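Tertiary structure, described
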Amino acid sequence: MTTSATNTANQPLQPRIPEKFLDVPSQRLYILSLGLLCQAIKIFDWFHNLFSSNGSGNLALKWIVTDGLFFLVLNQLRIRRLHYSKAIVLLQIFAFWFMDGLMFGGIQIAMSHYSLSETMQSFYSLSTTGRIVNVRDVIAGDARLKGAHTVRISPVSTAKLNPNGLPFCLTPPSNIVLIPVLLNNTKPTNIRYTITSLGSRKVETIDLNTNSIKAIENSLEDILQLNEKTDSSVSDENEDDWDADDLDVGALGPPGTSQLYRREDLEDSQSITFIKVTKPGIVKLERVVDSSSSNEARVFRNEVLVVPCPTAQFADDNISRGHDLRCAGSSEQLSIQVFGFPPLSLTWHKEINGRRQHMAVDGIQDNKEAQGPERLEIPLSLSLDAFGTHLYMLDTVSDAAGNSISLTAGRKALDHNQPAIGYSNNAVTRSLTVLRTPSMSFRQCGPGHPTSLLIGAEAPLTISANEADTKDAPWEVTVAYQPPSGETGHKPWKKRLTTQGEKRELTVRATAPGDYSILNVKGRICPGDVLSPDSCRVLEQPRPTAEIEWKRIHECSGDTGVSAYLVLHGKPPFQVSYRQKRDNEAAKDMVRSFQGSRGEITLQPESSGNYTYTFESLSDANYKGITLNGPSINQVVHPPASAHFVGASSAIGHKSINSCSGSIVNVDVNLRGKGPWNLDVQIVGPKGSEIVHLSDIRKARETLRLPIPRIIDEEGGSFQVDLFSIEDAYGCKKELAVPGITVNVRRVKPTAKFFAKDGKRAVTVLEGDIAQLPLRMSGDGPWRVRYRRSQPPGPATTSIVNTLNDHLRVREKGLYELLEVEDSQCPGSVVENEATFVVDWIPRPIAKLWPGTEVLYESSNGSYIRAPVCEGQEDHVDLELTGRPPFQVNYNVARDGEFGGTKLLDQPTISSIQHRTRFQLHTSEAGRIYYEVKQIGDATYPIAQNAQHVLPRLERLLLEQEVRARPAAYFQSSSRLSYCLDDAFGTRDSLATEGMIIMEGKPPFLLQLSIKNLAASEVHHQTIEIWDSHWQIDLPNYTFQSIGPHLVTIDSVSDASRCEPVVADPLKQSIWVDVAETAAIVPFDRREHFCVGDVTQFQLEGIPPWTIGFKTNRKYHEQIAKQSPLDLVQQQPGNFSVTSISHQNKKCKAMVDNINFEVHALPSAEVAHGGNRLENIHEGGQAQITFTLIGEPPFTFTYQRAELAKRKGTGKVLETHTVSGVTNNEYSIYSALEGTWTVTFISDKYCRYPLAQSESIGERNKR
């Protein structure tokens, strides 16, 4: 299968037309015959085109398409021996297309402009009878027309100071700047410039001659090396030897910078030189003299402001001397010293604990009318609220001249060798450490949580710092002691204690009971706060004792054991040690633990015998091993009613209840058995106990109302309630040993109050921030605090407080009042006179116009109207800012829209560190400009953190101003205008754009025009008042009196606004007007008798195309000529006359009535006396072209101007003119145009040269 496919691929393609219909040889015959027929038709079209005045462009396209289709169809027919590869087919098509272009004029060979059609036409010409004749005999050289005058226009010499518009400032110690001057086509021999001093406005004129200019260029290397030493942009890897060839030319601007102009960046005609300035002032270039022509170069009128470089640094203060520790909540005042040309701008940043915030201050100046540099001192207020490291650093300072100096870049910005502007870190930075406010309180001791003191021992009281900074150590704490009331053994005292080093704790050794209080806390630098608990009560604990009562266990049938009932006094838990001895056996020591103050030990041995039980010692939480002299019992060992407290059982243990007020406590009890019951309840206090008998209890669950011991009722504390015994309805009485209840009696109620710092219970916060109101609580947390805002009135709110020194968090300003408080056990009270707290907001900044600002107030929209100004004219108003600097003002700039409404132009933000700042107005474009202050920020409310806060529309500052447009006038099109000689300079086509002047501004316009006739060197000035923004030149009172180019220039324009006009594009300020002769036809030869083969040539004057009317033997003909001259071969005798001629589409028509010819010697003409002269002129100048005419006057000759040829050969002909009636042998013309002038035709009184046919051939070959 693979072999078959390969054989098929190697077989030749079969013809598209099968051989059964037409064999291959016949196909070749037919297709070749068709191709030959096409080529025969092509040759016929070519001969027909040779002698036709119609263009051959359509024929060229026709045969390009035909030949291309023929070869593509031939390739698709696949006829053997005529089927070629694609490359061969493309080569055939391109070859025939090339021949088509040569034959029909579609292709011309460069330099000689060769065309096959035109070459054939050079041998044949049209006769006056319409027949084609051979003109080969009249072909001749151009020996009688010699010479050429070439004019080249050199660019205008120009000089521009500071071409890149760089700012310049003087830097010590050199105080030298080199300002570049960009020269175009100029080699200066003298440069004059002036320096106007900033203060006195004294003008100093300086002239630089050639030696001075060369000396500055020679010193450029030394100056650059001096700046290289202070320029931090030069890295270590560029430390090779400096070579002046590496730097073409440069301009030294702000300190340490070098703006370079390299030769490859300049045009061939451009160069750079410098002027050296060593003092501040306004530098203006006045004059530059060119060495080539001794003429002054055109100087661009711009100015360069040279000022001292701006500087900024912090003033000397305590921080720079090392005193950099501050307390939180304090403030600091810094001063910044600024020097430079106002208004100045300063950027700086602050960094608080690593978080950086950048600031900018604009419009720094003292005297609004200052004309020179100022030295100012700016205050900077700092609020040290956040503790940590505060860093303030100056970044850059800029002046009004555009000089920007980096204050942190070191060598890159400033000269280290000059102290005045050499900056160290101390000069541009300030660093502060803000310390925390120390706060201390007792730890593990406070109201309701006293500290126990054992008899004969000491109790350590720990005072610890909750918040403190080690840099503030050591801390001094004032502690006071107050003995209990009625105590005479100890006296009150007050001590000042100091912590050791950086330790945050202090221990007070308490040796006596009483109240210990913290009065004051103070660090090494910062005062502190005393937090709760600020007092600690120390209570002396008594030794434990026990009351023991033995009872035999007697069931109704007899004794079964013994029970020991213990009443324990002390602090649980208790441990009771006792000994059991049976008969003569060894005694056993046993220990029982009790969690409460009452205990029961039931001894019911399993074996009978004589048992003796003795109690040995007692221990509690405070004391260990206290000897008991308790009773012992000896017994020979031989379910009734019960009761227990609700919520207490042997599995759960003791239950605790609370009593906050009253001398009675309610206790719930569950009774079992047959009622009614009689119940004995034992109340155990710290120093005794009592039995309360309750009888005739009839409910199984009863609430017992028990009295509180007197001592506990007065001072508070805890006591134990136990069920002692129960007797049921049968009279069986049983003593009970069930878990009791502990009653906690609280006589100190919880309290709540607001903390007052420095005697004030008030706080001021930012609007919208949460204010934290400090509380001081007593009792056992958590607390439920109920409060409200009383001014303005608001609803009551309940909040949960968890710590003694917690805060209430509120967001609205006003007077807040505490209403109620309740802790985890008891309701409390609010401390009078300390139950209110005031929350206020820091006011937001305000911006308004400075008093005395010249504006009008429009009450209808609340806007201020500023007086109108011209476009580009500087204007500003001053704002009065209220708040804490630095300020930021964000505002909208808008203008009237094209379709109604307003169009937003910009939303800038200005910064200021002063309360009075400059508000720059937008005058760069014309229209009604509106300003709306949208946001105002200061140090308290910076815009970056309050971006969502926008001023309400009724509170916004509104300002508007009318900016009048500056008038301008320019030509809409730079196309050249064409007029005939003696025509009035009026409008020809109102719809055309040629000659249309566009005016911008407010009508009426006053336009000043000048019309310069270059040929006659005359200038006509005219002023026109125009009420429209478009005006097509219409000056009917001005008539063109001579031929040649005329230059129409707009000299000036003014409108109703009286504003200075805009500096328009020079290329749009003038147009050229070409003035041609009235259409004319001039024969080259005026012979009366013509020979066969003689060619009559006619020079056509004017702008093509021409329409020529003539008669041959009274038969009228009309011929349209697109080029001059017109060739006619005189073949048959007869009368020949030209009747009329017109040009410019039948304009400037002239009647012709007499043309006569006679044969004489051929004249000749020379340009530049037969040589090839090359002359260079500047733009705007004129060259004199002299024609030498040899023959018999009067002369008529034709000259032409061709473009400069870039290679050998002749350039394109740009214009052709014929001059008649010259009676002298020399004729001169003046021209401001560039090109090569040659003579193409000369005739004298009788003869002409070249012959008409020869001239026609030459012109066609050149085209």
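Residues numbered from 1 in each chain as written. Predicted model: local features only at pLDDT ≥ 70, side-chain atom pairs only at ≥ 80, totals over all residues. Heavy atoms only, no water.

Spatially, the four strands line up as an open sheet ordered β3-β87-β89-β92, and their pairing is mixed. The open sheet has two free edges, formed respectively by β3 (145-146) and β92 (1226-1231), since each of these has just one partner strand. Of the pairings in the sheet, the one linking strand β89 (residues 1183-1190) to β92 comprises six bridges and is antiparallel in character. Looking at the pairing, Thr1186 lines up with Ser1228 of β92. (Pairing = 2+ DSSP bridges. Helix = DSSP H or I, 4+ residues; strand = E, 2+ residues; numbered from the N terminus.)

Turning our eyes to something else, we now look at the packing of aromatic side chains. Scanning all chains against the criterion turns up 23 aromatic pairs. Note on Tyr979 and Phe1040: the rings are 5.2 Å apart at their centroids and 35° apart in plane angle, and the pair reads as tilted. Highlighted residues: Tyr979 in strand β71 (residues 977-980) and Phe1040 in the loop between β77 (1035-1039) and β78 (1044-1054), separated in sequence by 61 residues. For the pair formed by Tyr979 and Phe1040, the shared burial category is buried. Pairwise contacts between aromatic rings join Trp550, Tyr578, Tyr611, Tyr613 and Phe615 into one cluster. Across from the ring centre of Phe300, 5.6 Å away, lies the NZ or CZ of Lys160, which sits over that ring. (Phe/Tyr/Trp six-rings, centres within 6.5 Å; stacked < 30°, edge-to-face > 60°. Buried < 20%, exposed > 50% of the residue type's maximum accessible area, 1.4 Å probe, protein only. Lys NZ or Arg CZ within 6 Å of the ring centre and 35° of its normal.)

We now examine the state of the cysteines. Applying the stated criterion across every chain, the model contains five disulfides. Between the sulfur of Cys870 and that of Cys1059 lies a disulfide, 1.9 Å long from S to S. Around the S-S axis, the bridge from Cys870 to Cys1059 shows a dihedral of about -80° and counts as left-handed. Of this pair, Cys870 sits in strand β62 (residues 863-870) while Cys1059 sits in the loop between β78 and β79 (1070-1076), placing them 189 residues apart in sequence. By the burial criterion, Cys870 is buried, and Cys1059 matches it. (Disulfide = S-S within 2.5 Å.)

For the structure on display, the rule yields 40 salt bridges. In this structure, Arg1173 engages Glu1175 in a salt bridge whose closest nitrogen and oxygen atoms are separated by 3.8 Å. Among the charged side chains, a network of salt bridges with common partners joins Lys42, Asp67 and Asp100. (Salt bridge = Lys/Arg side-chain N within 4 Å of Asp/Glu carboxyl O.)

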